[in-house]
Amino acid sequence: MEIWQLTATELKQKIADGEISAREATESHLSRMYQVNGKLNAVAESCEAEALQEADAVDKKRRKGDELGALAGVPVTVKINVDQRGYATTNGLQLQKDLVAKIDNPVVNNLRKAGAIIIGRTNTPAFSLRWFTRNTIHGHTKNPLNPLVTPGGSSGGAAAAVAAGIGAIGHGTDIAGSIRYPA
């Protein structure tokens, strides 16, 4: 079994036990992302450089015997409709392509506090308001199990990413079925 195939719980435990490093987990998921995302378009933007730095910080904490967060070293993705410091919060809109966040949204902040490693930002329909994931800035997200069937929306990018092994957890939001439909 490859590292990217482990569940979030398995990853967290193996990292805490020192069986694998947070860097190894992050590199495995990034490799998987680069392997499959070209066909899926689930991840609209990679966070590789920052993710590797954060993974190294988790590994350093573990070696020092510091307390690790509940998601320490677990690779995750967040949607492009939430603020993540240093990244554009496009929400699938050309109008917002240069709207770079100065601070993290509480969801992103809480993932960081828990030690999660954000490896990428997932696609969403424009305004996050459709049952499919397609927009003019980031394109169309495909379902990894069947490209003729929608992965859903607005969390279609997150759903496709998790189903394809890109990140052990994908941040999703739900107003009218955005998580329930992909599930």
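Here's what I pulled together on the structure shown here.

Calculation rules
Throughout this document, residue positions are counted from 1 along each chain, in the order its sequence is written. Residue-level local features of this predicted model are given only where pLDDT is at least 70; pairs of side-chain atoms are given and counted only at 80 or more, and the full residue set underlies all totals for whole chains, interfaces and linings. In computing side-chain properties, one takes all heavy atoms of the structure into account and sets aside hydrogens as well as water. Only runs of H or I of at least four residues qualify as helices and only runs of E of at least two qualify as strands under DSSP, and these elements are numbered from the N terminus. Given the number of residues in a helix, its expected span is that number minus one, multiplied by 1.5 Å. One axis is fitted to the seven residues ending at the residue and one to the seven starting there. The bend at that residue is the angle between these axes. For every residue, the accessible area obtained with a 1.4 Å probe (protein chains only) is divided by the maximum for its type, and the residue is called buried under 20%, exposed over 50%, and partly exposed between those limits. Salt-bridge detection follows one rule: a side-chain nitrogen of Lys or Arg within 4 Å of a carboxyl oxygen of Asp or Glu. For two strands to be treated as a pair, DSSP must find no fewer than two bridges joining them. Contacts are assigned to residue pairs with any non-hydrogen atoms lying within 4.5 Å of each other. All axes are obtained by fitting lines to C-alpha atoms, using only the stretch in contact for helices, and the reported angles, taken between N-to-C directions, cover 0 to 180 degrees. Directions pointing from the helix axis toward each C-beta atom define the arc. Only centres within 6.5 Å qualify two rings of Phe, Tyr or Trp (six-membered ring in Trp) as a pair; their planes then separate them into stacked at under 30 degrees, edge-to-face at over 60, and tilted for everything else. Lysine and arginine charges are scored as sitting over a ring when NZ or CZ, respectively, is within 6 Å of the ring centre and within 35 degrees of the ring normal. Small angles under 35 degrees read as roughly parallel and large ones over 145 as roughly antiparallel, with 65 to 115 read as roughly perpendicular and the rest as oblique. Helix crossings fall into two classes, left-handed where the near helix is turned counterclockwise from the far one by less than a right angle and right-handed where it is turned clockwise. The residue classification treats Ala, Val, Leu, Ile, Met, Phe, Trp, Tyr, Cys and Pro as nonpolar and Asp, Glu, Lys and Arg as charged. All others, Gly included, are polar. Only protein atoms enter the 1 Å grid, on which a cavity is a set of points fitting a 1.4 Å probe that cannot get out and a pocket is an open set with protein on both sides within 12 Å along at least 5 of 7 lines, lining residues being those with an atom within 4 Å of a point. Grid points are joined across faces, edges and corners, and a volume is the space filled by probe spheres set on the points.

If you check helix H2 (residues 22-40), its first and last C-alpha atoms are 25 Å apart, about what 19 residues at 1.5 Å a residue would give, namely 27 Å. Maximal helix bending in H2 amounts to about 35°, located at Tyr34. Residues Ala22, Ala25, Thr26, Ser28, His29, Leu30, Arg32, Met33, Val36, Asn37 and Leu40 constitute the buried set of H2.

Another point: the pattern of salt bridges. Evaluation of the coordinates by the stated rule reveals 10 salt bridges. For Arg112, the salt bridge goes to Glu50, with nearest N and O atoms at 3.8 Å. Separated by 62 residues along the polypeptide, Arg112 in helix H4 (residues 106-113) and Glu50 in helix H3 (residues 48-64) bring together distant segments of the chain. Each member of the pair Arg112 and Glu50 is classed as buried. Note that Asp104 and Arg85 form a salt bridge whose closest N and O atoms lie 3.1 Å from each other. Of this pair, Asp104 sits in the loop between strand E2 (75-79) and H4 while Arg85 sits in the loop between E2 and H4; the two residues are 19 residues apart in sequence, bridging distant segments of the chain. The exposure class assigned to Arg85 is partly exposed, which follows from its relative accessible area of 39%. When salt bridges that share partners are traced, they join Glu50, Glu54, Arg85, Asp104 and Arg112 into one network.

On to the sheet that holds strand E3 (residues 117-122), then. In space, the four strands of this open sheet follow the order E1-E3-E2-E6, with mixed pairing throughout. Sheet topology places strand E1 (43-46) and strand E6 (169-170) at the edges, where each strand pairs with a single neighbour. Strand direction decides the pairing type here: E2 and E6, joined by two bridges, are parallel. Within E6, the residue paired with Val76 across the bridge is Ile169. Across the face of the sheet, H3 comes into contact with E1 and E3 while running at roughly 155° to E3.

Time to look at the environment of Gly152. Secondary-structure assignment places Gly152 in the loop between strand E5 (139-140) and helix H5 (156-163). Given a relative accessible area of 0%, Gly152 falls into the buried group. Each C-alpha atom, one on Gly152 and one on Arg180, is 8.7 Å from the other, the two residues being 28 residues apart in sequence.

Buried within helix H1 (residues 8-16) are the following residues: Ala8, Leu11 and Ile15. For H1, the buried positions fall inside an angular range of 60° around the axis, keeping them on one side. Contacts from the buried residues of H1 go to H2, H3, E2 and E6. Trailing H1 by a residue or two, Gly18 shows a phi angle of about 80°, which is positive.

On to the packing of aromatic side chains, then. Where two aromatic rings form a pair, the distance of their centres and the angle of their planes describe that pair. One pass over the structure, following the stated rule, counts zero aromatic pairs. The lysine or arginine in question, Arg32, covers the ring of Trp4, its NZ or CZ lying 3.9 Å from the ring centre.

Moving on, we come to the packing of H2 against H3. H3 packs onto H2 with a crossing angle of 155° between their chain directions and a minimal axis gap of 8 Å. Considering their axes alone, H2 and H3 lie roughly antiparallel with respect to each other. Once H2 is placed against H3, the crossing between them reads as right-handed. Counted together, Ala22, Arg23, Thr26, Glu27, Leu30 and Tyr34 of H2 and Glu48, Ala51, Leu52, Ala55, Asp56, Val58 and Asp59 of H3 form the full contact between these two elements. The residue inventory of the contact of H2 with H3, partitioned by class, reads seven nonpolar, one polar and five charged.

Right, let's get into the layout of surface pockets. One way to see where empty space is left: roll a probe the size of a water molecule over the atoms. For the largest pocket, the calculated volume is near 160 Å³. Along its surface, the largest pocket is lined by 14 residues, and Glu54, Val58, Arg112, Gly115 and Ala116 are the ones closest to its centre. Looking at the lining of the largest pocket, the elements that each hand over two or more residues are H3 and H4. In terms of residue count, the dominant contributor to the lining of the largest pocket is H3 (four residues). Class assignment for the residues of the lining of the largest pocket results in seven nonpolar, two polar and five charged.

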